[in-house]
Structure formats: structure tokens, C-alpha cells
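# Working through the structure, step by step
Given next are the chains, with one letter for each unit.
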Amino acid sequence: MIQSMTGYGKAEVLLEGGKLTVEIRALNSKSADINIKSSLLPKDKDLVVRKMLGDSLVRGTIDLFLNWEAGAEESAHQINQDVFHSYWRSVVKAMDAETVFTKTFLKDPGVGSILASGILRLPDVVDAKKADVITPENWPLVEAGIKEALEHICAYRATEGKALYADVTSRINLILSYYNEIEALEGERITAVREKLSKAMQDLEVKADPSRFEQEMIFYLEKYDINEEKVRLRQHCKYFMEVIDQEPYPGKKLGFIIQEMGREINTTGSKANHAGIQQLVVKMKDELEKIREQSMNIL
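Figured I'd write up the structure that's included with this text. Every value quoted in this text rests on a predicted model; they were computed, and no experiment measured them.

Applying the stated criterion across every chain, the model contains zero aromatic pairs. Sitting over the face of the ring of Phe65, Arg25 holds its NZ or CZ atom 4.8 Å from the ring centroid.

Now the structure itself:
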């Protein structure tokens, strides 16, 4: 069964000191465009992860997000004690701690809390630099988390693929049914062409040789014959169904088949010379355009 290129997968990994969230998002694209949007992944694991994503998802614009949520204890370790105390001493000194008023002021617990909260907002008090979240020791857990997120996104893609399959195949059947209607109108079209030419000759008051008239009629009808287009379009539709049913990643090939189908439908329209057939050609073009749009998201 076909897969959609769009999808989303998520997994959470509990590590020492906090929780790592793995998210993978994919959109349609002509090739595999892999983006790792995190500074947490060690450089020596970059190619490994890219290969995992490429092998599993094959094609699409693929974004990997790694988000670290530190536990309370881990977050506390990020406070730079030396810088904090330096700021504290500077504040106390600026307030002239030798005065009786200031000493009394600083003994108030509420004031101390407010002062500490303000100092925590100053530059370099809370270290921006974090310890390495992903280490050689916990890498197997992280790798398992990435694989779990990949399983989820593949399941998402498969579900979307079922909907895509149902939609495009139903539209292929519609195109074939419209061509059957065109076939039913061909006899009417031939009669209309004969009557049109006969009337034109009558209007010109020209008496034509019956055999010559029949030859010209045959030549004219051959010029507007759509039998070859009909055969080729049906063959393209059959090939479309074979590819979508049998190939694991048919998206690109389906795009080429759709181009060929469009050529046959356009040629049919240019040869139609019949209002009813032209209307059916417009309907086929509309269905084919919808197939084209959907096929761009087929893996």
C-alpha cells in the first residue's frame, strides 16, 4: 500500500536528569531533504541519524527536533554560584550594609527572596551552557527513541496513504467512465460532421460527386479520429494502477504517467469537434488535475 510523504511522529525518552522529546515531521518534496533542528545531537551521531531517517522515510522534507526538559535537580545545578554571590555582595555593598536601616532591611526574609529573584535574572547567573544531554552511555536509549518516533510517523504515513489511494484510483475510474461516454457519442459526432459538410455544400449550391464526397469525408474523419488517443489513455490508466498497486514508492513514476495521460486528453479535446465531447474532456482534465495534486504527496 502506498504512503503519504507528510507525517508526524513523537517519542519521549527518560534520561538521567530529565526527559528528551523526539519529534519528526515530514512534508512532500522531490528528494530527501533532512534537517536536524537541535544542538543536542553529538556531531559523531549526525550521519548515523541522517541515515536512519533517510532509510526509513526515503523522501520528503524531514525535520528532526530534539527537546530537553531538565528535572528540578538538574536545573538547580545550572546556577553559577560564584556569579550569584558576587552580584549579591555588590548589591549589599551598594546599599551600604553598615547602616542600621540596611541591616534591618536585609534581615527581612521577604526582601531577601525578592533580591535573590532579581539577581537570578542578571547576565551569566544561570549558565546558558548545558552539560551534554546525549552521551555514549545513554545513546542506545536515544536511538531507541528516534526509532520509536520513526515507527509512529511511518504509521501516520500509511494511514494517509490509504486515503490517497482511495482518492486517486476513484478518479482514474471516473476518467475511464468519461471516455466510455465519449465513445458513445462518436457515432453522433460522425453524423453531425456529415450533416455539416452536406449543408455547407448545399449553401454553396455545389453538386459533389458522391464517391469523391465520401473520400473527402473519410479523410476528414480520419483527421479527427480519436481511436489512438482512446487506446493510449486506457493503457496509461492501466499502467497507473499497476504502478500504484505493485511498487513500494510509486510517487515519481506516477507523475510521469499523469503527464502522458494529460497529452492524450488534450489531443482528444483538440479533435473533438463536438460540444458533448468537449464537456467530457473538461471533466477529465479536472479529475486529472486533482490526481496530479494528490500524487505530489505520494511517496
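Bringing the packing of helix H8 (residues 227–246) against helix H9 (residues 251–271) into the picture now. Their axes nearest at 9 Å, the elements H8 and H9 cross at an angle of 160 degrees. The orientation of H8 relative to H9 falls into the category roughly antiparallel. Every pair of crossing elements has a handedness; the one defined by H8 and H9 is left-handed. Along its contact with H8, which presents Glu229, Arg232, Leu233, His236, Cys237, Tyr239, Phe240, Val243 and Ile244, the element H9 presents Lys253, Leu254, Ile257, Ile258, Glu260, Met261, Glu264, Ile265, Thr267, Thr268 and Lys271. Its residues assigned to classes, the contact of H8 with H9 shows 11 nonpolar, three polar and six charged.

Okay, the pairing of strand S1 (residues 7–15) next. Along S1, the buried face is formed by Gly7, Gly9, Ala11, Val13 and Leu15; none of Tyr8, Lys10, Glu12 and Leu14, which line the opposite face, is buried. Relative to strand S2 (residues 18–27), S1 runs antiparallel, the two being bridged by nine bridges. The residue bridging Ala11 from the neighbouring strand is Val22, located in S2. Here S1 hands over to S2 after two residues, with Gly17 in that stretch at a positive phi of 100 degrees.

Next up on the list: the pairing of S2. Taken residue by residue, a regular strand's side chains alternate between the two faces of the sheet. For S2, the buried fraction is high: seven of the 10 residues fall into the buried class. Where S2 lies against strand S4 (residues 60–70), 10 bridges are found, and the strand directions are antiparallel. Bridging from a neighbouring strand, Thr21 pairs with Asn67 of S4.

This brings us to the sheet that holds S1. In spatial order, the strands read S1-S2-S4-S3; together these four strands make up an open sheet with mixed pairing. This sheet does not close on itself; its edge strands, each paired only once, are S1 and strand S3 (32–36). Geometrically, the sheet is characterised by an average inter-axis angle of 15 degrees between neighbouring strands, direction not taken into account. Packed on one face of the sheet, helix H1 (residues 46–57) meets S2, S3 and S4 and runs near 140 degrees to S3.

Glycine aside, residues mostly have negative phi, and peptide bonds are mostly found in the trans state. With a phi close to 65 degrees, Val58 is a non-glycine residue in the positive phi region. Among the residues examined, Val58 registers a relative accessible area of 29% and is labelled partly exposed. For Asn273, which is not glycine, the phi dihedral falls at a positive 55 degrees. Looking at the secondary structure, you find Asn273 in the loop between H9 and helix H10 (275–295). What makes Asn273 partly exposed here is its relative accessible area of 35%.

The next point concerns the side chain of Arg171. Among the structural elements, Arg171 can be located in helix H6 (residues 139–203). Its relative accessible area of 17% is what places Arg171 among the buried residues. At a separation of 2.8 Å, a polar atom in the side chain of Arg171 contacts the side chain of Glu287. With residues up to four places along the chain from it excluded, the contact list for Arg171 reads Glu287, Lys290 and Ile291.

Definitions and cut-offs
Residues numbered from 1 in each chain as written. Predicted model: local features only at pLDDT ≥ 70, side-chain atom pairs only at ≥ 80, totals over all residues. Heavy atoms only, no water. Phe/Tyr/Trp six-rings, centres within 6.5 Å; stacked < 30°, edge-to-face > 60°. Lys NZ or Arg CZ within 6 Å of the ring centre and 35° of its normal. Axes fitted to C-alpha atoms, helices over the stretch in contact; angles between N-to-C directions. Helix = DSSP H or I, 4+ residues; strand = E, 2+ residues; numbered from the N terminus. Parallel < 35°, antiparallel > 145°, perpendicular 65-115°, else oblique. Left-handed = near helix turned anticlockwise from the far one by under 90°. Contact = heavy atoms within 4.5 Å. Nonpolar A, V, L, I, M, F, W, Y, C, P; charged D, E, K, R; others polar. Buried < 20%, exposed > 50% of the residue type's maximum accessible area, 1.4 Å probe, protein only. Pairing = 2+ DSSP bridges. Polar contact = N/O pair within 3.5 Å; in protein donor to acceptor, adjacent residues only side chain to side chain.

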